[in-house]
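Residue-level structure breakdown
Listed below are the residues making up each chain.
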Amino acid sequence: MAYAGAEARYQVSNTLAQLRATLGAAKFRDSLAVRALYSQDVYRCGTTPLAVVSPTTVDEVVTAVRAATAANVAIFVRGGGMSYTDAYLPDRERAIVLDLSRLNRVLSISVEDLHATVEAGCTWADLDTALAPHGLRAVFWGPMSGKLATVGGGMSQGAATFGSGRHGTSAAAALSFQLVLASGEILETSASAHDGQAAFFRNYGPDLTALFTGDAGALGVKTAVTLQLEPRPGHGDGLTFSFADFAALRQAVSRVAREGLATEVFGLEGALARFVAGDQSAEEAVKAWLAAGRAQAGALQAVKQMSRMAWHGKRFLAGSPYLANFLTEARDGAALRTALDAIRQSVGDDGLEIANTMAAVTRATPFPAPMLLGPEGLRLLPLHGIFAPSQVEAFHNAFRAWCDTHRSHCDRLGIKVYTVFASCGASAFLYEPVIYWPDVWPALHRETMPAQMLAAWREPAANPDARALVETMRLEIIELMKQSGAAHLQIGRAYPYLQDRDPIFLALLSAVKRAVDPHGLINPGALGLRPD
Ligand SMILES: Cc1cc2nc3c(=O)[nH]c(=O)nc-3n(C[C@H](O)[C@H](O)[C@H](O)COP(=O)(O)OP(=O)(O)OC[C@H]3O[C@@H](n4cnc5c(N)ncnc54)[C@H](O)[C@@H]3O)c2cc1C
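Chains are numbered independently. Their residues run from 1 in the order of the written sequence. Note on the predicted model: pLDDT of at least 70 is required for a residue's local features to be given, and 80 or more for side-chain atom pairs to be given and counted; whole-chain, interface and lining totals, by contrast, use all residues. With hydrogens and water set aside, each side-chain value is computed from the structure's full complement of heavy atoms.

With that out of the way, let us pick up the overall build of the protein chain. Strands are runs of DSSP state E lasting at least 2 residues, helices are runs of H or I lasting at least 4, and numbering of each runs from the N terminus. Counting its secondary structure elements, the protein chain contains 18 helices and 18 strands. Whereas a compact globule of 532 residues would reach a radius of gyration of roughly 24 Å, the protein chain reaches 23 Å, a difference of no more than 12%. The principal-axis extent of the C-alpha atoms belonging to the protein chain is close to 70 × 60 × 55 Å. A total of 532 residues make up the protein chain; the buried ones form 56% of that total. Across the protein chain, every contact between residues at least 6 apart in sequence was considered, and the portion connecting residues at least 24 apart equals 75%. When the accessible area of the protein chain is evaluated, it comes to approximately 22000 Å², of which 55% is carbon and sulfur surface. Taking the 47 positively charged and 50 negatively charged side chains of the protein chain as two groups, their mean positions are separated by 4 Å. C-alpha atoms define the radius of gyration, and 2.2 Å times the number of residues to the power 0.38 defines the globule rule. Summary of the burial criterion: residues with accessible area below 20% of their type's maximum are buried, those above 50% are exposed, and those between are partly exposed, where the area comes from a 1.4 Å probe applied to protein chains only. Should any heavy atoms of two residues lie within 4.5 Å, those residues are considered in contact. Reported accessibility uses the Shrake-Rupley method at a 1.4 Å probe radius. Residues are deemed covered only where the shown protein chains occlude them. Neither His nor the chain termini are counted; the positive set is Lys and Arg, and the negative set is Asp and Glu. Each charge is placed at NZ for Lys, CZ for Arg, CG for Asp and CD for Glu.

On to the site of the ligand, then. The near set for a molecule or strand comprises every residue that places at least one heavy atom within 4 Å of it. Neighbouring residues of the ligand: 35 residues in total, closest Val77, Ser83, Gln157, Ala160 and Thr161. The separation between an oxygen atom of the ligand and a polar main-chain atom of Gly80 is 2.8 Å. Polar contact is defined as a pair of N or O atoms within 3.5 Å, subject to the rule that within protein one atom must be able to donate a hydrogen and the other to accept it, and that residues adjacent in sequence are counted only when both atoms are side-chain atoms. Between Ser83 and the ligand, the recorded distance is 2.6 Å, taken from a side-chain N or O atom to an oxygen atom. Taking 970 Å² as the accessible area of the ligand by itself, protein coverage stands at 93%. Listed by contribution, the elements that provide at least two residues to the shell around the ligand are strand 3 (74-78), helix 5 (151-157) and strand 10 (221-231). The leading source of residues in the shell around the ligand is helix 5, at five residues.

With that out of the way, let us pick up the sheet that holds strand 3. Two strands pair if DSSP finds at least two bridges between them. Pairing in this open sheet of four strands is mixed, and the strands run 1-2-4-3 from one edge to the other. Only two strands of the sheet have a single partner each, and these edge strands are strand 1 (28-29) and strand 3. Pairing of strand 1 with strand 2 (residues 51-53) involves two bridges; the strand directions are antiparallel. Of the residues in strand 2, the one forming a bridge with Phe28 is Val53.

Formed by 107 residues in total, the largest nonpolar core has its most connected members in Leu227, Phe243, Phe326 and Ile415. Nine residue types can take part in a nonpolar core, namely buried Ala, Val, Leu, Ile, Met, Phe, Trp, Tyr and Cys, and a core is a set of them joined through side-chain atoms within 4.5 Å. If you look at the next biggest cluster of nonpolar residues, it comprises 26 residues, including Phe28, Val58, Ala182 and Val221.

Our focus in this paragraph is the domain arrangement of the protein chain. The domains assigned to the protein chain are domain 1 (6-102), domain 2 (106-231), domain 3 (234-368) and domain 4 (370-491). Two parts placed together each lose some accessible area under a 1.4 Å probe, and adding up what both lose gives the buried area. Each partner contributes to the roughly 2300 Å² buried at the junction of domain 3 and domain 4, and carbon and sulfur atoms together form 67% of this total. A per-residue breakdown of the area domain 3 buries against domain 4 is headed by Phe246, Glu269 and Phe275, which together make up 28% of the total. Basic side-chain nitrogens of Lys or Arg form a salt bridge, by our definition, when they fall within 4 Å of a carboxyl oxygen of Asp or Glu. Linking domain 3 with domain 4 are two salt bridges. In this structure, Glu269 and Arg400 form a salt bridge, with 3.8 Å as the shortest nitrogen-oxygen distance. Applying the counting rule to domain 3 against domain 4 returns five residue pairs in polar contact (both at pLDDT 80 or more). Of all elements in the fold, only helix 8 (246-258), strand 12 (264-269), helix 9 (270-277) and helix 10 (280-291) reach the threshold of two or more residues within the side of domain 3 that touches domain 4. Of the residues belonging to the side of domain 3 that touches domain 4, the class tally is 18 nonpolar, four polar and five charged. The domain limits used here are those given by an automatic or database domain assignment. Any residue outside Ala, Val, Leu, Ile, Met, Phe, Trp, Tyr, Cys, Pro, Asp, Glu, Lys and Arg is labelled polar, Gly included; the first ten of those are nonpolar and the last four are charged.

Turning next to the packing of aromatic side chains. Stacked, tilted and edge-to-face are the three classes applied to pairs of Phe, Tyr and Trp rings, where Trp contributes its six-membered ring and a pair requires centres within 6.5 Å; stacked means planes under 30 degrees apart, edge-to-face means over 60, and tilted covers the rest. Overall, the coordinates contain 23 aromatic pairs when judged by the stated rule. A ring pair is formed by Trp124 and Phe140, whose centres lie 5.3 Å apart and whose planes are at 85°; its orientation type is edge-to-face. Here Trp124 is found in helix 4 (residues 124-131), whereas its partner Phe140 is found in the loop between strand 7 (136-138) and helix 5, with 16 residues between them in sequence. Residue Trp124 shares its accessibility class with Phe140, and that shared class is buried. Relative to Tyr431, the ring of Phe399 has its centre 5.8 Å away and its plane inclined at 80°; by these criteria the two rings are edge-to-face. Within this pair, whereas Phe399 is found in helix 14 (residues 389-413), its partner Tyr431 is found in strand 18 (residues 429-437), the two being separated by 32 residues in sequence. Ring pairs connect the aromatic residues Phe246, Tyr322, Phe387, Phe395, Phe399, Trp402, Phe421, Phe429 and Tyr431, which therefore count as one cluster.

Following the criterion strictly, the structure yields 25 salt bridges and no others. Across the pair Arg44 and Glu471 runs a salt bridge whose closest N-O atoms are separated by 3.5 Å. With Arg44 in the loop between helix 2 (32-37) and strand 2 and Glu471 in helix 17 (residues 464-483), this residue pair connects regions lying 427 residues apart in the sequence. The salt bridge partner of Asp128 is Arg232, with a shortest N-O separation of 2.9 Å.

Before going further, it helps to spend a moment on the environment of Asn104. With respect to the element layout, Asn104 can be found in the loop between strand 4 (95-99) and strand 5 (106-110). Those residues in contact with Asn104 that lie beyond four places of it in its chain are Glu119, Gly121 and Cys122.

Our next topic: the packing of helix 8 against helix 14. In this description, a line fitted to the C-alpha atoms serves as the axis of each element, helices being fitted only across the stretch in contact, and the angle between N-to-C directions of two axes falls anywhere from 0 to 180 degrees. As a packed pair, helix 8 and helix 14 sit with axes 10 Å apart at the nearest point and diverge in direction by 160°. Relative to helix 14, helix 8 is oriented roughly antiparallel. For the element pair helix 8 and helix 14, the recorded crossing hand is right-handed. For the pair helix 8 and helix 14, contact is made by Phe246, Ala247, Arg250, Gln251 and Ser254 and by Pro389, Val392, Glu393 and His396, respectively. Split into classes, the residues belonging to the contact of helix 8 with helix 14 amount to four nonpolar, three polar and two charged. Note on terminology: angles under 35 degrees are roughly parallel, angles over 145 are roughly antiparallel, angles of 65 to 115 are roughly perpendicular, and the others are oblique. For any pair of crossing helices, the crossing counts as left-handed if the nearer helix is rotated counterclockwise from the farther one by less than a right angle, and right-handed if it is rotated clockwise.

Now the structure itself:
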């Protein structure tokens, strides 16, 4: 072990033995395979921790946190493990991974007061399934990884997608959190919850709930989340448009967002759509997977749409530099038609309407098995920046110029870079470059991807040269985004949050961290926070 001192080693092994005895072998795991699996994210591996602790009650979270912090063992908090910003990766051996995915019950749903409380490890898909029979959903209702990604993870790192067209990020749905602090004390963030009554209103004085949204788990362990709900619209549909250039796409997306016409807006380069559509082996694998009955309800619709894509799709994709999908909803068919027409009018002559395959597939299967590998089984790394609409075209031009500087090396090593886009509320544009490269498949990817898809591809050989260039490109893209004034979700340990801040900003945040985690043992390094 890297940490020194017989006494310290004794204290740690004693703590681990006590935790194992209290929690049992199913909730305290220390085999090398499990420790290695839980210390990697979608991008890379961290240091292998001492154990993986998977509590199923709040009391067990308290026990684990108290024991670990008393023995000076760092705690790296993991939800669904679907992130790629080193956000829960241990940076030392003297650590446990606290896996929240089994603390996952839906605790209450209030149809009258429009809120639901879930344990933090509940997935977005499970929350949505529980709310659907009540004709409700959360105002932000999940990222596309929501089959495995948790509500606690989404609230802690900030997520966008379902509901983002109108409401912005996951934070919009947060009414209150229950957290376990480093001391083992429990904090309820809502000021509107009294005597066991659930939180129903967030802005009763200073908003402590907001403080813990997007905190990358650095300020405490979320154990429960109360979310704002809304009625689930009965009718929905989507439109897809092709755009001749990025400026036309950006302007159309911004107009639709400004007018609040779409519930979700997401776009991509036509070249990426062609790359995905051309991956015949994956298409066959998905069909086999669906045919084997392992698909979710609604997937039949998706298959029909996929067949349409096979007939019509590749022809229109051939001539589409950029594509954008606009989803919308309404209470009845007539209102839906009006809403779709309003989007058509808002896009105007900037875009050409084409078959709405992608929009329809997304509506039919919002939470598919998360694709941790890209077409042809390539590894993938998404990065993103959030820009003011007026700033994003300048960034786009700088980014394209930057891509050109790497093109010959990328071609030589089989690295591809494509970009996807989304609107995030009325005034923020999300620009997401995704890097693909051939490399071996990590254990997390093997564990998560549908077996039929893995079987359809040939695993690439280890490719350290491509991996090294991807890492260089990752850092350069983040720097380019910083120079262009980007903000970020999913800060983890990847995006610069504290750099260049005013001293008073830093002092306040450090004081908060010291108050909730005096020894810097909860997710150390997340957000860039380190003990003084
Ligand atoms: C195929 C795919 C699709 C994706 N689609 C989207 C998308 O549409 N939109 C989007 O925004 N992102 C997307 N992501 C990224 C990511 O999955 C999401 O941001 C998701 O919210 C991560 O949730 P998680 O539960 O997996 O969190 P984890 O990856 O486990 O953790 C993320 C962060 O939250 C902290 N954390 C987790 N649980 C807790 C807790 N209970 N208390 C305190 N801290 C906690 C961790 O310490 C870490 O800092 C996608 C990823 C993949 C692989």
